[in-house]
Amino acid sequence: TSYKISDIPKPRYARVNTLKMDVESALLEFKKQYEVRQDAMVPDLLIFPPRTDLHDHPLVKSGSVFLQGKASSMVAVALWPKPRWEVIDACAAPGNKTVHLAALMKGNGKIIACELNKERIKRLKDTVRLAGATNVKVKHEDFLNMSPEDPAYSKVQAILLDPSCSGSGTVVDRLDHLLPSYTAESDVNRLEKLAAFQKKALEHALSFPAVERIVYSTCSINQVENEDVIKSVLPLASSYDFELTTIFPQWPRRGHPVFDGSQHLLRTDLIEDKEGFFIALFVRKGMSPSPKN
Ligand code: SAM
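Every value quoted in this text rests on a predicted model; they were computed, and no experiment measured them. Each chain has its residues counted from 1, following the order in which its sequence is written. Confidence filtering applies because this is a predicted model: local features only for residues at pLDDT of at least 70, side-chain atom pairs given and counted only at 80 or more, and all residues used for totals across whole chains, interfaces and linings. Note that the side-chain values use all heavy atoms of the structure and ignore hydrogens as well as water.

J.: Would you mind going over the packing of helix H3 (residues 70-79) against helix H4 (residues 96-104) with me for this structure?
T.: Axis angle and axis distance: for two packed helices, these are the angle between their axes and the distance between the axes, and together they describe the pair. Angles run from 0 to 180 degrees between N-to-C directions of axes, and those axes are lines fitted to C-alpha atoms, restricted for helices to the stretch in contact. The helix and strand labels rest on DSSP assignments: H or I over at least four residues marks a helix, E over at least two residues marks a strand, and numbering proceeds from the N terminus. Orientation of H3 relative to H4, taken along the N-to-C sense of each, is 45°, at an axis distance of 9 Å. Taken as axis vectors, H3 and H4 run oblique relative to one another. The element H3 and its partner H4 pack so that their crossing is right-handed. Between H3 and H4, the contacting residues are Ser 72, Ser 73, Val 75, Ala 76, Val 77 and Leu 79 on the first element and Lys 97, His 100, Leu 101 and Leu 104 on the second. Residues that form the contact of H3 with H4 fall into these classes: six nonpolar, three polar and one charged. Each angle gets one of four labels, with under 35 degrees taken as roughly parallel, over 145 as roughly antiparallel, 65 to 115 as roughly perpendicular, and the rest as oblique. A clockwise turn of the near helix away from the far one marks a right-handed crossing, whereas an anticlockwise turn of less than a right angle marks a left-handed crossing. Whether two residues are in contact is decided by their heavy atoms: any pair within 4.5 Å suffices. Under this grouping Gly is polar, as are all residues other than the nonpolar Ala, Val, Leu, Ile, Met, Phe, Trp, Tyr, Cys and Pro and the charged Asp, Glu, Lys and Arg.

J.: Where do I start with the site of the ligand in this structure?
T.: Taken together, 20 residues lie near the ligand, and Glu 115, Arg 120, Asp 142, Phe 143 and Asp 162 sit nearest. In the environment of the ligand, a nitrogen atom lies 3.2 Å from a nitrogen or oxygen atom belonging to the backbone of Leu 116. Accessible areas in this description were obtained via Shrake-Rupley with a 1.4 Å probe; residue shielding takes into account the shown protein chains only. Coverage of the ligand by the protein amounts to 89% of the 610 Å² it exposes when considered alone. When residues of the shell around the ligand are traced back to their parent elements, those giving at least two are H4 and strand E6 (110-115). Nearness here has a simple test: a residue counts as near a molecule or strand if at least one of its heavy atoms is within 4 Å of that partner. Here a polar contact is recorded for every N or O atom pair within 3.5 Å, except that within protein the pair must consist of a potential hydrogen donor and a potential acceptor, and residues adjacent in sequence are included only if both atoms are side-chain atoms.

J.: What should I look at first to understand H3 in this one?
T.: Spacing of three or four residues puts side chains on the same side of an α-helix, whose turn is 3.6 residues. Think of it in three bands: residues with accessible area under 20% of the maximum for their type are buried, residues over 50% are exposed, and the middle band is partly exposed, with areas taken using a 1.4 Å probe on protein chains only. Among the 10 residues that make up H3, 10 are buried, leaving the element largely enclosed by the rest of the structure. All buried positions along H3 are accounted for by Lys 70, Ala 71, Ser 72, Ser 73, Met 74, Val 75, Ala 76, Val 77, Ala 78 and Leu 79. Where H3 terminates, the next one or two residues include Trp 80, which has phi positive at roughly 40°.

J.: Help me understand the environment of Pro 249 in this model?
T.: Here Pro 249 is to be found in the loop between strand E10 (242-245) and strand E11 (266-267). Take Pro 249: its relative accessible area is 64%, and that puts it in the exposed class. As a C-alpha pair, Pro 249 and Lys 285 span 36 residues in sequence and 19 Å in three-dimensional space.

J.: Would you mind showing me how to read the pattern of salt bridges here?
T.: Salt-bridge detection follows one rule: a side-chain nitrogen of Lys or Arg within 4 Å of a carboxyl oxygen of Asp or Glu. Per the stated rule, a full pass over the model turns up nine salt bridges. Salt-bridge contacts for Arg 129 lead to Asp 126; the nearest nitrogen and oxygen are separated by 3.2 Å. Placement of both Arg 129 and Asp 126 in helix H5 (residues 118-131) is noted, with a separation of three residues, approximately one turn of the helix. The class for Arg 129 is exposed, based on a relative accessible area of 58%. With a relative accessible area of 30%, Asp 126 lands in the partly exposed category. When the shortest N-O distance is used, the salt bridge between Glu 227 and Arg 267 registers 2.7 Å. Separated by 40 residues along the polypeptide, Glu 227 in helix H7 (residues 227-239) and Arg 267 in strand E11 bring together distant segments of the chain. The pair Glu 227 / Arg 267 is uniform in exposure class, with both members buried.

J.: Even after reading the chapter, I still don't get the pairing of strand E9 (residues 213-218), so can you show me in this structure?
T.: Looking along a regular strand, one sees the side chains alternate between the two faces of the sheet. E9 sits mainly inside the fold: six of its six residues count as buried. Burial along E9 is two-sided: the residues Arg 213, Val 215 and Ser 217 and Ile 214, Tyr 216 and Thr 218 are all buried. Across six bridges, the pairing between E9 and strand E12 (residues 278-284) is antiparallel. If you follow Thr 218 over to E12, its bridge partner there is Phe 278. In short, DSSP must find at least two bridges between two strands for them to pair.

J.: Can you walk me through the packing of aromatic side chains in this structure?
T.: Given two aromatic rings, their pairing is described by the distance between the two centres and the angle made by the two planes. Any pair of Phe, Tyr and Trp rings, taking the six-membered ring for Trp, is counted once the centres come within 6.5 Å. Such a pair is stacked with planes under 30 degrees apart, edge-to-face with planes over 60 apart, and tilted for the rest. Following the criterion strictly, the structure yields six aromatic pairs and no others. Judged by centre distance (6.3 Å) and plane angle (75°), the ring pair of Tyr 216 and Phe 278 falls under edge-to-face. Of this pair, Tyr 216 sits in strand E9 while Phe 278 is found in strand E12, placing the two residues 62 residues apart along the sequence. In this pair, the class of Tyr 216 matches that of Phe 278, namely buried. One aromatic cluster is present, formed by Phe 30, Tyr 34 and Phe 48 through successive ring pairs.

J.: Honestly, the sheet that holds strand E1 (residues 12-16) in this entry has me stumped. Any pointers?
T.: The strands that make up a sheet are held in pairs by hydrogen bonds between backbone atoms, and each pair lies either parallel or antiparallel. Across the sheet, which stays open at both edges, the four strands sit in the order E2-E3-E1-E4 with antiparallel pairing between neighbours. Among the strands making up the open sheet, the edge pair consists of strand E2 (37-38) and strand E4 (65-66). In the sheet, E1 pairs with E4 via two bridges, with the strands oriented antiparallel. Residue pairing across strands places Val 16 opposite Val 65, the latter belonging to E4. Along the sheet, H4 contacts E1 and E4; its crossing angle with E1, the most-contacted strand, is approximately 45°.

Structure (structure tokens):
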């Protein structure tokens with residue numbers, strides 16, 4: 001027997017794009033038609049019953065509301081950039097987290113949204129346009145080629161790094177493929193390649209001179225793409241005065257205990273949360289761990 005993730009009833013989430021609409025008005029509008037409530041952890045997030053289909057809802061079509069899961073919506077909140085900051089979204093397309101950052105910054109400051117893949121640039125631009133995020137500059141570039149010494153980035157204070165990953169927390173449908181022990185021989189190579197890029201990109205992010213906060217996230221459940229990547233950069237991070245910092249302390253599921261400090265890391269569970277995400281936050285010492293606006 002095999003079980004399908006899609007068989008498990010899963011609440012639907014939608015994020016209010018506060019650049020276009022406030023949460024109260026969105027709640028009032030949706031309550032006319034749906035059972036809806038606000039998420040307790042991510043304030044802009046609304047929760048609907050399983051199988052609610054909002055794809056064609058006018059508020060979604062107009063970019064006032066984005067269909068975005070809870071774990072994905074926790075990433076920009078974990079970075080929590082101040083409104084006037086300069087921020088790099090290092091691997092940005094299709095741009096869901098980019099425009100969430102823009103909303104958290106109330107449309108102020110500047111977001112450099114970097115994307116390597118030419119085909120995905122269009123999606124990114126469409127998302128930015130739909131969201132009305134006028135503080136975003138889309139850049140077709142390899143993040144690894146953006147030089148930390150370039151004066152253009154000398155004021156960048158935060159980096160969101162959501163690199164390409166195996167997607168094992170979202171795309172695989174058969175639960176028996178998701179046991180921690182399961183890794184097909186053919187996948188080992190792919191995972192190693194992905195992890196090598198993830199590590200390089202994170203090291204690169206750590207080297208920007210004015211950066212105070214870095215969030216690293218994946219939609220993978222594999223330790224090699226998550227805790228192992230974080231662990232491998234710890235010496236470099238500490239040489240730049242960065243330390244891992246706890247995000248969403250009230251959230252019960254933390255990183256696998258493979259090094260001291262793994263409790264700072266956040267995981268969502270494929271079964272419990274219906275998607276497997278991983279989030280880590282580095283903060284430079286001497287900086288406030290949760291900046292107020
Ligand atoms: N953050 C996005 C969102 O929430 O909508 C999803 C990002 S997706 C997981 C990773 C993206 O990184 C892909 O679009 C991929 O093309 C891009 N990418 C991969 N390597 C890159 C690089 N070296 N520089 C910039 N972007 C890269």
